[in-house]
Amino acid sequence: MEPTMIELRHYHHGELPAGLRELLINVHADAYAAEMEDPFVQRFPWFVDHWSALDGFACVVGFDGEEPIGFAYGAPARTGREWWREHVVPAPERDSTFSFSELMVRPRWRKTGVAERLHSALMADRPEALAVLLVDPEHPKVQALYESWGYRKVGDRQPFPDSPRYAVMLRSLR
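Residues numbered from 1 in each chain as written. Predicted model: local features only at pLDDT ≥ 70, side-chain atom pairs only at ≥ 80, totals over all residues. Heavy atoms only, no water.

Visitor: Can you tell me about the overall build of the protein chain, naming the residues and giving the values?
Guide: Helix and strand counts for the protein chain come out as five helices and seven strands. Order of helices (α) and strands (β) in the protein chain, N terminus to C terminus: β-α-α-α-β-β-β-α-β-α-β-β. Compactness check: the protein chain gives a C-alpha radius of gyration of 16 Å against a globular reference of 16 Å for 174 residues, within 12% of the reference. Dimensions of the protein chain, computed from C-alpha atoms along their principal axes, come out at roughly 45 × 35 × 30 Å. (Helix = DSSP H or I, 4+ residues; strand = E, 2+ residues; numbered from the N terminus. Rg over C-alpha atoms; globule rule 2.2 N^0.38 Å.)

Written as structure tokens, this is what we have:
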């Protein structure tokens, strides 16, 4: 499906509208419908609450008309706690980092360019020098997509005992 006209709406910590949490959870449920029995996937509401409470939280939601079709969000990393830190030695001179936590597009709108538009809108005008994300290497096409956007794998990380072991991907924002 080719979206007709996508509207991108930006949200930030401290100015989140009522209903945004439920919107993100509902898009996630659609995107992960086949995996909703997985306990780690079921914890997504906790991740929404955690990330949206962080200073500097930024979120972009795409709409086709009034229908939410996807989102991207993240927040600045705390110095010394960046996901790449243990894998890149020596650390870059400019090491301020935006942790790109989630990019989700509902199945009906995949392969239409929406993911790249959401990512670009989220990263536009970021003051940090770097962006980092985690991607499940069981999805090589997704990892290749991030590589096409300038990310490179720098290591592996399992952030939770019940999570997959992710590829840590880093890119310069300058």
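Visitor: Requested: an account of the pattern of salt bridges, with residues and values cited.
Guide: Opposite charge on two side chains allows them to pair when their charged atoms are near. A full pass over the atoms with the stated rule returns eleven salt bridges. Arg85 is the partner of Glu82 in a salt bridge, and the nearest nitrogen-oxygen pair spans 2.8 Å. The partner of Glu128 in a salt bridge is Arg126, with the nearest N and O atoms 2.9 Å apart. Exposure class is identical for Glu128 and Arg126. Each is buried. (Salt bridge = Lys/Arg side-chain N within 4 Å of Asp/Glu carboxyl O. Buried < 20%, exposed > 50% of the residue type's maximum accessible area, 1.4 Å probe, protein only.)

Visitor: If you had to explain unusual backbone geometry to someone new, which residues and values would you point to?
Guide: Cis geometry marks the peptide bond from Val89 to Pro90; its omega dihedral reads -5 degrees. Residue Lys111 is not a glycine yet carries a positive backbone phi of 65 degrees. Judged by its relative accessible area of 85%, Lys111 is exposed.

Visitor: Explain the environment of Ser52 to me, and be specific about the residues and the numbers.
Guide: Assignment of secondary structure puts Ser52 in helix α3 (residues 44-52). Looking at Ser52, the relative accessible area reads 18%, which means it is buried. With 23 residues separating them in the primary sequence, Ser52 and Ala75 have C-alpha atoms 8.3 Å apart. What Ser52 contacts, discounting residues up to four positions off in sequence, is His13, Leu16 and Phe57. (Contact = heavy atoms within 4.5 Å.)

Honestly, that's just the spatial picture; any functional story needs more than this.
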